[in-house]
Amino acid sequence: MSQPAPLTPQTAAASAAEAGPDWNALRADFPILHQQVHNRPLLYLDNAATTQKPRAVIQALQRYYERDNANVHRGIHELSNRATAAFESARARAARFLNARSPEEIVFTRGTTEGINLVAATWGAQNVKAGDIILLTEMEHHSNLVPWQLLAARTGARLRHLPVTGDAGLLDLSHLDEWLGSGVKLLALTHISNSLGTINPVAEICARARKAGVTTLVDAAQSAGHRPVDVQEIGCDFLALSGHKMCGPTGIGVLYGRQELLETLPPYQGGGEMILSVEYHTSTWKHAPHRFEAGTPDISGAVGLAAAMDYLDAIGRTHIARHDQELGAYAYARLAEFKEGIRLFGPRIGRAGLVSFLLRGVHAHDVVTVADQWGVALRGGHHCTQPLMRKLGVESTARASFYFYNTPAEIDRLVEVLREIQKFFGL
Amino acid sequence: MSDDLSDLYQQVILDHCKHPRNFHELAGHHRSAEGHNPLCGDQLKLFLTMNGDRIQDISFVGSGCCISKASASLLTEAAKGKTRAEVERMFEAVHQMVTTGQAAGEVGKLAVFAGVHKFPARVKCAILAWHAIMSALKGDTQPVSTETEDM
């Protein structure tokens, strides 16, 4: 039997790395978390709507505007060169973040919604004809439903939706191959459901779609800041994300597109930045991704998003994913203590860091209004998934959604507040 | 418990939310109107029997948050026996009260809704039943909504 290795500083550091970051200490990076709301400490549990911003991101924006601000790709002066370098280095940063093959596969957008609309307007116009099928799922956000409805109305294509199995909220994939083989042109689905917390097996689903010759789009709005997202491992053709849901500023997002595919697509919007030469009647455009970025882009947003990516990778997205799932599982277990007094939505195990629920006898908006007075920020409503709510037979739910700066102690506090709410409404 | 919160959810409101009055369909009604806020999930239907210009009987059914249900319940109590013109005056007074905190006229028991003005997101819940009754009195057939934008 071998002797245990002596404890050296290296192994001590390794075991600290194993244990993961000090989540409580990271809270100090977020100025907004340290305030009182209605005379109580803020408990921010609406991270699926938007996350808070660390000082590193806020400072990156400030630094950009105080030192480097100018327009990009057209100036010859020093500031314009700096701004262009910052913008293009943010593109390269996003490519590394998603493990894209090159920065040319990264299009800057306003967010996930615009990324999906861009694909529907360009790829859709070029590839979708009357009678084609666009395959979605029943758990999609409105942003991954409505653009395809508009495309279907324009082209005469039809929509189909992979079913969700009841309150447990898993995709029923039993007929996937059969459906994929019957006239489907595109499969667009979410990586993580914003109202159920379901984590879909997107790599497996995209592999099956690829085998059937179906183009794929993954909505990574809820996943990109919460776990490693590798477009080559997922094997999707397109992937869209929002910066503001991953510590970045609002108004900036990324659309990843496989380069061979992007190069074949027509422009999205026309204007400056996207052209090579313009005549009064015709123009020629730049290569992708610039072809899709008409007008002055959100330069500071891209700079802030790159800072957010640096920040998340310094913590480690594998660590964040584990913490997320621990919080999700803990919250689900604590809320299940309400037994008959609560209805919980989404999978019991393997869920992302959010929980949707209904307190029996109290409408979701009453829960959210009273919780707010206790300093707890929840979301109540249909979470932009009206068809899913209808399928579940509810008009709305309350939702607590977590990020790495949330703690189990905060979930305990949420449970106390929900008990107070039950008392308040005489339950 | 904060003062704002007990202003919003007054005991009378909690009582009407848990035990809504006139909460049934009305057989032989002359008029009805639906109110629906799909973003919120508040949904109600009002039924009226009329004697000339006067509301002889009134009831409602539906589901929604505490504020919308209590508002409909208290409305049925307040509007019973009133003329169309009297209901219109009450509508104006209640509308002003839930948006500013000050009633424009005599509102009686409905004064419990004054606290709603501190919760701008909930004004549309309190006012939904009132828009529905105005619609019923005008004889409109389209469901009304007090939502103008996503929350």
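Given the structure is predicted, the values throughout are model-derived calculations rather than measurements.

The rules behind these values
- Residues numbered from 1 in each chain as written.
- Chains lettered and ligands numbered in written order.
- Predicted model: local features only at pLDDT ≥ 70, side-chain atom pairs only at ≥ 80, totals over all residues.
- Heavy atoms only, no water.
- Helix = DSSP H or I, 4+ residues; strand = E, 2+ residues; numbered from the N terminus.
- Rg over C-alpha atoms; globule rule 2.2 N^0.38 Å.
- Buried < 20%, exposed > 50% of the residue type's maximum accessible area, 1.4 Å probe, protein only.
- Areas by Shrake-Rupley, 256 points an atom, 1.4 Å probe, with all protein chains shown as cover.
- Lys, Arg positive; Asp, Glu negative; His and termini not counted.
- Charge placed at Lys NZ, Arg CZ, Asp CG, Glu CD.
- Contact = heavy atoms within 4.5 Å.
- 1 Å grid on protein atoms, 1.4 Å probe; cavity = no way out; pocket = protein on both sides within 12 Å on 5 of 7 lines; lining within 4 Å.
- Points joined across faces, edges and corners; volume = space filled by probe spheres on them.
- Nonpolar A, V, L, I, M, F, W, Y, C, P; charged D, E, K, R; others polar.
- Domains from an automatic or database assignment.
- Pairing = 2+ DSSP bridges.
- Axes fitted to C-alpha atoms, helices over the stretch in contact; angles between N-to-C directions.
- Expected span 1.5 Å × (residues − 1).

### Regarding the overall build of chain A
Consideration 1: Secondary structure assignment for chain A yields 15 helices and 19 strands.
Consideration 2: The C-alpha atoms of chain A give a radius of gyration of 23 Å, which matches the 22 Å a tight globule of 427 residues would have.
Consideration 3: Summarising its shape, the C-alpha atoms of chain A cover approximately 70 × 60 × 55 Å along the three principal directions.
Consideration 4: Residues counted as buried form 56% of the 427 residues belonging to chain A.
Consideration 5: Of the roughly 17600 Å² that chain A leaves accessible, carbon and sulfur atoms contribute 54%.
Consideration 6: Chain A carries 41 positive and 42 negative side-chain charges, and their two centres are separated by 3 Å.

### Looking at the overall build of chain B
Consideration 1: For chain B, the count of helices and strands is five helices and three strands.
Consideration 2: Seen in sequence order, chain B has helices and strands lined up from the N terminus as α-α-β-β-β-α-α-α.
Consideration 3: A compact globule built from 151 residues would reach a C-alpha radius of gyration of about 15 Å, and chain B, at 14 Å, matches this within 12%.
Consideration 4: Its C-alpha atoms give chain B principal-axis dimensions of roughly 45 × 30 × 25 Å.
Consideration 5: When burial is assessed residue by residue, chain B has 50% of its 151 residues classed as buried.
Consideration 6: Considering only contacts in chain B between residues 6 or more positions apart, those separated by 24 or more positions represent 60%.
Consideration 7: When the accessible area of chain B is evaluated, it comes to approximately 6700 Å², of which 47% is carbon and sulfur surface.
Consideration 8: The distance from the centre of the 15 positive side-chain charges to the centre of the 18 negative ones in chain B is 5 Å.

### Let's talk about empty space enclosed by the protein
Residue and element names in this part refer to chain A.
Consideration 1: On inspection of all chains with the given rule, the structure shows three cavities of 30 Å³ or more.
Consideration 2: Volume-wise, the largest cavity comes out at about 60 Å³.
Consideration 3: Forming the walls of the largest cavity are Asn47, Ala48, Ile192, Gln222, His226, Asp324, Ala352, Gly353, Leu354, Ser401 and Phe402.
Consideration 4: Counted by class, the lining of the largest cavity contains five nonpolar, five polar and one charged residues.
Consideration 5: Summarising the domain contributions, the lining of the largest cavity has at least three residues from each of domain 1 (9-53 + 317-424) and domain 2 (57-314).

### What about the sheet that holds strand S16 (residues 354-359) of chain A?
All names here are of chain A.
Consideration 1: Judged by pairing direction, the sheet is antiparallel, and its four strands sit side by side in the order S15-S16-S19-S18 without closing on themselves. The sheet is open, and its two borders are formed by strand S15 (342-345) and strand S18 (379-381), each paired with just one other strand. When the angles between neighbouring strand axes are averaged without regard to direction, this sheet yields 30°.
Consideration 2: Against the sheet, helix H13 (residues 364-373) touches S16, S18 and strand S19 (397-401), its axis set at about 160° to S18.

### A look at the pairing of strand S6 (residues 158-162) of chain A
A regular strand places its side chains so that they alternate between the two faces of the sheet.
Consideration 1: Bridging between strand S5 (residues 133-137) of chain A and S6(A) involves five bridges; their strand directions are parallel. Bridge pairing links A:Ile134 to A:Leu159 in S6(A).

### Comments concerning helix H15 (residues 408-424) of chain A
Residue and element names in this part refer to chain A.
Consideration 1: Here H15 contains 17 residues, and its C-alpha end-to-end distance of 24 Å stays within 8% of the 24 Å for a straight helix at 1.5 Å per residue.
Consideration 2: The set of residues buried in H15 consists of Glu410, Ile411, Leu414, Val415, Val417, Leu418, Ile421, Gln422 and Phe424.
Consideration 3: Looking one or two residues beyond H15, the residue adopting positive phi is Gly426, at roughly 70°.

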